[in-house]
Amino acid sequence: MTEPTPTLTATTFTGLPGAPGRAEGATCLLRRVQAAVSAVPADARLADAFAAAHRRLADALTTADATLAPLLDAQRLMLDDPELREGIAARVKTGTDPVAAARATAGALAAMLEAAGSDYFRERAIDVRAVGALLAEELAGETPSSRVPAGAVVLAEELAPLDTARLADAGVAAVVTVRGGPTCHAAIIARAWGIPAVVGAPRAILEIPDDTPALVNGDTGVLVLHPAQAAGTSAAPVGRQRAAPLAPRIPLLANVGGVAEAARAVELGAEGIGLLRTEFLFLDRATPPTEDEQFADYTAILRAMAGRPVIIRTLDIGADKPVPFLPMEAEPNPQLGLRGVRLCLRERALFRAQLRALVRAAAVGPLRILLPMVAGADEVRQCRALLAAEAADLGLPAPPLGAMIEVPMAALAAGELAEVCDFFSLGTNDLLQFLLAADREHAGVGYLHAADHPAVWPLVEHVIAAAHAAGIPIGVCGEWGADAAKLARLLALGLDSASVAVAALPRVRGWFA
Ligand code: PEP
Ligand code: MG
């Protein structure tokens, strides 16, 4: 008796929007290597694997953009961590297969980091597991990209930054992961590469057989299997979702992390830079960047922008963006701790060097300075006094100074804050995180970010009104700027500009057509 042919019906898995766009393809589970057989002595295999993993990261770094490079660098440092090396060697000595030893050691270290319970350590746990997987692949002599066909919808437990870049190179159609939230590093990199992504999907996706037809909607966070069988909308033809044209027309700016991205932003028609995340320029530095080094970086970006306006944000380090040149004490809640402007006001020498570099660079092109994590007017007053002192010392004018609105207290006190600021920039990523008490990196609470919570809009409306009452402009530089529905609503409230990831520029520009 022959088995009856199973009836294929559309199945929907709901996760969270990771990176926008829709794509269709056959599924392919990103499998990790489980075991290896080799006649080479274990010690030599280990040494070779570490060297090869270093080479692969170094190779990837040669083409990495400003978003990916610091993450790859962090993994390179992790490869040199004695705990990892010695842990693997100890397991191998007791007879464990090297591939399994690499996974087990990395897994144990990752579990310890995850137990620390902060965003920063959760991201590092992903890095450690990624480094373990990289070593395991080298030990087994396999690479996952060779098993991922172009055009595939890749399903994975989680993706390390290197995975995402490698998959982008392999030309995959879309990615769906179990771990990670909408603003996790993998999602940010998928957005930068223009790959639709769904994150925080149910673990059941790991059971989906290879070659199952699938449709990924990164705008809504939905994965549909057998989409041809789906009724109505989910079977709609694939293509970038086109939102209704927005009016009125406002300047469309870019969020960048360095000069290469700035140049790309110009090619894609950006009318300026709404957010240069300066911490991305220095994440991998062992020594603090000097005033002259910073001046060189900022002027290179101003030149790439050829007269277009540039908003440069002062260092937003701490929390999920630590830097090796400024060792910090472990904090129980780093997102709520010494970060952004709070850290700058404590590390005066570092902050003064940045302010001086910015004052000097402002002579080269139209530059405004943006302060991150501002909680109140007093912080802006202190920064303005420091800026004025450095400008006076240099005999140059102080550039305009603005504040990110990303702390609820600052949003609520926007009227008072607007009195001491030259402009506002809405940081919806952090504002939502703090307002909703929902970690932006945590898949389990990402649904709160995805929902339209009634508490959010009145506050945003209040901020925009307060800016305009004080006669200062307000833009958005958080991810809401690249969300058609949210942007339309912000425009209706009178928003003055939108700054979005470089890869989102063509899509957002299309909404203005
Ligand atoms: C934000 O918080 O919305 C923002 C743009 O800043 P970052 O994502 O760098 O925290
Ligand atoms: Mg922020």
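Definitions and limits used
- Here, residues in each chain are numbered from 1, in the same order as that chain's written sequence.
- Numbering of ligands from 1 and lettering of chains from A proceed in the order in which they are written.
- Per-residue local features are limited, in this predicted model, to residues with pLDDT of at least 70; the limit for side-chain atom pairs, both in listing and counting, is 80 or more; totals at the level of whole chains, interfaces and linings are taken over all residues.
- The basis for every side-chain value is the complete set of heavy atoms in the structure, and neither hydrogens nor water enter the calculation.
- Helix numbers and strand numbers start at the N terminus; a helix is a DSSP run of H or I with at least 4 residues, a strand a run of E with at least 2.
- Only protein chains enter the area calculation, which uses a 1.4 Å probe; residues under 20% of their type maximum are buried, those over 50% are exposed, and those in between are partly exposed.
- What makes two strands pair is DSSP finding at least two bridges between them.
- Lines fitted to the C-alpha atoms define the axes, with helices restricted to the stretch that makes contact. Angles between their N-to-C directions range from 0 to 180 degrees.
- A 2.8 Å cut-off from the metal defines N, O and S donors, relaxed to 3.2 Å for Na, K and Ca; water is not in the atom list, so some sites may appear incomplete.
- The term salt bridge refers to a side-chain nitrogen of Lys or Arg lying within 4 Å of a carboxyl oxygen of Asp or Glu.

Q: I'd like a rundown of unusual backbone geometry, residues and numbers included.
A: Negative phi values dominate among residues other than glycine, just as trans dominates among peptide bonds. For histidine 226, which is not glycine, the phi dihedral falls at a positive 50°. One can find histidine 226 in the loop between β8 (222–225) and β9 (252–256). By relative accessible area, histidine 226 is classed as buried at 12%. Although it is not a glycine, alanine 437 sits at a positive phi angle of roughly 50°. Inspection of the secondary structure puts alanine 437 in the loop between α16 (428–435) and α17 (446–450).

Q: Help me get a handle on the sheet that holds strand β3 (residues 22–29), residues and values and all.
A: Taken in spatial order, the eight strands of this open sheet run β1-β8-β7-β3-β4-β5-β6-β2, and their pairing is mixed. The open sheet has two free edges, formed respectively by β1 (11–14) and β2 (16–19), since each of these has just one partner strand. Taking each pair of neighbouring strands and ignoring which way they run, the sheet shows an average axis angle of 30°. When β1 meets β8, the two strands line up antiparallel, connected through four bridges. Note on β8: the bridge partner recorded for phenylalanine 13 is leucine 223.

Q: Break down the coordination of the magnesium ion (ligand 2) for me, with residues and values.
A: The protein atoms that coordinate the magnesium ion (ligand 2) are Glu406 (OE) and Asp430 (OD), at distances of 2.1 Å. Residue glutamate 406 is located in the loop between β13 (401–405) and α14 (408–412), and its partner aspartate 430 is located in helix α16; the two are separated by 24 residues in the primary sequence. Comparing glutamate 406 with aspartate 430, the two get one shared label, buried.

Q: Kindly report on the pattern of salt bridges, identifying the contributing residues and their values.
A: Here the structure, examined in full by the defined rule, presents 23 salt bridges. Its salt-bridge partner being aspartate 73, residue arginine 76 comes within 3.4 Å of it at the nearest N-O pair. Residue arginine 76 and its partner aspartate 73 are both found in helix α2 (residues 69–79); the two are separated by three residues, about one turn of the helix. Between glutamate 267 and arginine 264 there is a salt bridge; the shortest N-O distance is 2.8 Å. With glutamate 267 and arginine 264 both in helix α8 (residues 259–267), this residue pair falls three residues apart, about one helical turn. Its relative accessible area of 60% is what places glutamate 267 among the exposed residues. The exposure class of arginine 264 is partly exposed, given its relative accessible area of 42%. Look at the salt bridges and you will find they share partners, linking Glu291, Asp292, Arg352, Arg356, Arg360, Glu390 and Asp393 into a network.

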